[in-house]
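# Remarks on the overall topology
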Amino acid sequence: MAPDRTFSDRIKRVITLLTLGVLLLISVHMRVTSATGTWIPDPVQRDAGEYFMYAYNLKFHHVYSRDMAGLYEPGIAPVPDAVRSPGYPLFLSLFINGPADDRTIKTITFAQAILSSITVVLCFFLFNSFLPLAWTTAATFLTGISPHLITANSYLLSETLFAFFLVLLAWFISHFSMRRRAWQAAIAGCLVALASLIRPGLQYFAVLFALFLLFQFGRDRGAKLSGMVILGFALCLAPWLVRNANTIGSTSDKTLMINFLHHGLYPDFTYEETPTSFGVPYRFDPRSAEISRTLSTVLQEIQRRFQEEPARHLRWFLIGKPAVFWSWDMVQGAGGPFVYLPSHSPYFNDGLFKLSYNFMRLLHGPIVLLAFCGLLVAWLPLTRIGVDETPLVIARVLSLLLIYYTVIHMVGAPFPRYAVPLRPFLYGMALFPLYVAGLFLRKRLS
């Protein structure tokens, strides 16, 4: 019997490697083709420009600042700030040798295409930790051809890097769930902190994840693991907080939080239902400067609006915002998966890209609905129908991540761009309830 099992295991391993190889070839081809064949007329506009300036000042002035003074007059020292987290600018600083030029931009986008391909590989192993090979293949395939994940590589924006760290975190948690060692919990906390240094909205997940471990593994074991998660998180985040306290006199800059709350307080993402204000209602509001003066003034405005029109604002916050956050089109963008409109893209004329675009757009609505079913299904007692404890823990962690980000953007601005790094989890959780339904039917029929 042992030789038969060994032979069977080898066959499964070969099939798994071949499947992964095919998926990787598709992913690399589409990502590299998109990165090299996409042309953005102004690649360092708005957010991308700020990220680039942080990287430029960090490399040439050794100051973390988005101040553009040093770009035009090298003798002027930039004024340090902490408006944006340092993760993505540190990544950009590896590639820049001066002001932005075509060669530098293409080098960065190519590197992001490779990093995004590695993310697809990690997704395969992550999905395979809680789904059978067939479902894993389907979820990885959706990740590999996702237009939003592919086009993200063409921008100097943090989506690609953040997606990598999010998937790396989830993949590591899948291994941690098997052994549950204290040192692994500390590394998981460190990974949450590192990802938070790319997108600060993730930082509160450390507490939620710690509470989940306490709930999942009991008071004794869970408390130890939770404590190690918080310890690892605090140690990795501390240098950034100390730097801010010493440089700007505060552990963080409230500008992004103020904007996040302010930009999301307008029902239907419009100012007084003006169609041209969709996505940017704050630009049409004559009171914007007054509302966004401090965190307190934003919160007071939200409270005032709820008191005046409670039903309208409840509908917007509870239903409208999640619908916008998970929508197909970028609200503040050029339509579809594009943040800044390219003058050239394989999605405009390449048959494979156009086919994959239409396919994913057709599936988007069902995928979102299935994923939210998966978020609920993951919390059912599925061990009764054959789901082992470890896969169930992993599915619940992914469920927590998706719920966490949905709730965060129900509070603030629900820009779909911020959901792009979460799409791998969306695809995995969309297939999870289908897998569970198959197990349930098999058990009932047997």
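Helix and strand counts for the chain stand at 19 helices and zero strands. The C-alpha radius of gyration computed for the chain amounts to 23 Å, which stays within 12% of the reference 22 Å derived for 446 residues, consistent with globular compactness. Along the first, second and third principal axes, the C-alpha set of the chain runs to 75 × 50 × 45 Å. Relative to its 446 residues, the chain shows a buried fraction of 53%. Counting contacts in the chain only where the partners sit at least 6 residues apart, residues at least 24 apart contribute 74% of the total. Split by element, the accessible area of the chain, about 20200 Å² in all, is 66% carbon and sulfur. Between the mean site of the 37 positive side-chain charges and the mean site of the 25 negative ones, the chain shows a separation of 12 Å.

One finds Phe130, Leu202, Phe209, Phe425, Met429 and Phe432 to be the most contacted residues of the largest nonpolar core, which totals 110 residues. The leading source of residues in this core is helix H8 (residues 159–179), at 12 residues. When sequence neighbours within four positions are dropped, the list of residues in contact with Leu202 reads Phe162, Leu166, Val192, Ala195, Ser196, Leu401, Tyr404 and Tyr405. If you look at the next biggest cluster of nonpolar residues, it comprises 18 residues, including Leu265, Tyr271, Tyr282 and Ile291.

Moving on to a nonpolar patch on the surface. A contiguous nonpolar surface patch, about 440 Å² in accessible area, is contributed by Phe215, Trp379, Ile403, Val407 and Val411. By residue number, the principal contributor to the nonpolar patch is helix H18 (residues 389–411), which donates three residues. By secondary structure assignment, the location of Val407 is in helix H18. By relative accessible area, Val407 is classed as partly exposed at 42%.

Here we take up the packing of helix H17 (residues 351–377) against helix H19 (residues 423–445). Two numbers describe how H17 lies on H19: the axes approach to 7 Å, and their chain directions differ by 65°. By the angle class used here, H17 and H19 are roughly perpendicular. Crossing of H17 against H19: the hand is left-handed. Packed against H17, whose contacting residues are Met360, His364, Ile367, Val368, Leu370, Ala371, Cys373, Gly374, Leu375 and Val377, the element H19 presents Arg423, Leu426, Tyr427, Met429, Ala430, Phe432, Pro433, Leu434 and Val436 at the interface.

The end-to-end C-alpha distance of helix H10 (residues 205–217) is 18 Å, a good match for the 18 Å that 13 residues give at a rise of 1.5 Å each. For H10, the complete set of buried residues consists of Phe205, Ala206, Phe209, Ala210, Phe212, Leu213, Gln216 and Phe217. End-on view of H10: buried residues confined to an arc of 160°, all on one side of the axis. Exposed residues on H10 whose side chains face more than 90 degrees from its buried face are Leu211 and Phe215. Taken together, the buried residues of H10 touch H8, helix H9 (182–196), helix H11 (219–248) and H18. Within two residues after H10, Gly218 carries a phi angle of roughly 90°, on the positive side.

Moving on to the environment of Val324. Mapping Val324 onto the fold places it in helix H15 (residues 310–325). The buried category is assigned to Val324, whose relative accessible area is 15%. For the pair Val324 and Ser146, spaced 178 residues apart in the sequence, the C-alpha separation amounts to 18 Å. Excluding residues that lie within four positions of it along the chain, Val324 makes contacts with Phe269, Trp316, Val331, Pro414 and Pro416.

Take the packing of helix H6 (residues 133–145) against H17 next. Following both chains from N to C, one finds H6 and H17 inclined at 125°, their axes separated by 11 Å at the closest point. Judged on the interaxial angle alone, H17 and H6 are oblique. Once H6 is placed against H17, the crossing between them reads as left-handed. Taking contact as the criterion, the partners of Phe141, Leu142 and Ile145 in H6 are, on H17, Ser356, Phe359, Met360, Leu363 and Ile367. Looking at the contact of H6 with H17 residue by residue, the class counts come to seven nonpolar, one polar and no charged.

With that out of the way, let us pick up the pattern of salt bridges. Enumeration over the complete set of coordinates arrives at 16 salt bridges. Residue Arg199 is joined to Glu159 by a salt bridge in which the shortest nitrogen-to-oxygen separation is 2.4 Å. You can see Arg199 sitting in the loop between H9 and H10 and its partner Glu159 sitting in helix H8, a full 40 residues away along the chain. Using a relative accessible area of 9% as the deciding quantity, one classes Arg199 as buried.

This part covers the packing of aromatic side chains. One pass over the full model with this rule turns up 33 aromatic pairs. Plain terms: the ring middles of Tyr404 and Tyr405 are 5.3 Å apart, the flat faces sit at 90° to each other, and that makes the pair edge-to-face. For the pair shown, Tyr404 and Tyr405 are each scored as buried. Taken together, the aromatic side chains of Phe162, Phe176, Phe205, Phe209, Phe212, Phe215, Trp379, Tyr404 and Tyr405 make up a single cluster linked through ring pairs. Against the face of Tyr51 rests Arg84, its NZ or CZ located 5.1 Å from the ring centre. In this structure, Lys321 is placed above the aromatic ring of Phe317, and the distance from its NZ or CZ to the ring centre is 3.7 Å.

What counts, and where the lines are drawn
- Residues numbered from 1 in each chain as written.
- Predicted model: local features only at pLDDT ≥ 70, side-chain atom pairs only at ≥ 80, totals over all residues.
- Heavy atoms only, no water.
- Helix = DSSP H or I, 4+ residues; strand = E, 2+ residues; numbered from the N terminus.
- Rg over C-alpha atoms; globule rule 2.2 N^0.38 Å.
- Buried < 20%, exposed > 50% of the residue type's maximum accessible area, 1.4 Å probe, protein only.
- Contact = heavy atoms within 4.5 Å.
- Areas by Shrake-Rupley, 256 points an atom, 1.4 Å probe, with all protein chains shown as cover.
- Lys, Arg positive; Asp, Glu negative; His and termini not counted.
- Charge placed at Lys NZ, Arg CZ, Asp CG, Glu CD.
- Core = buried A, V, L, I, M, F, W, Y, C linked by side-chain atoms within 4.5 Å.
- Patch = residues over 30% accessible without salt bridge, like charges linked within 9 Å, V, L, I, M, F, W, Y side chains within 5 Å.
- Salt bridge = Lys/Arg side-chain N within 4 Å of Asp/Glu carboxyl O.
- Axes fitted to C-alpha atoms, helices over the stretch in contact; angles between N-to-C directions.
- Parallel < 35°, antiparallel > 145°, perpendicular 65-115°, else oblique.
- Left-handed = near helix turned anticlockwise from the far one by under 90°.
- Expected span 1.5 Å × (residues − 1).
- Arc of directions from axis to C-beta.
- Nonpolar A, V, L, I, M, F, W, Y, C, P; charged D, E, K, R; others polar.
- Phe/Tyr/Trp six-rings, centres within 6.5 Å; stacked < 30°, edge-to-face > 60°.
- Lys NZ or Arg CZ within 6 Å of the ring centre and 35° of its normal.

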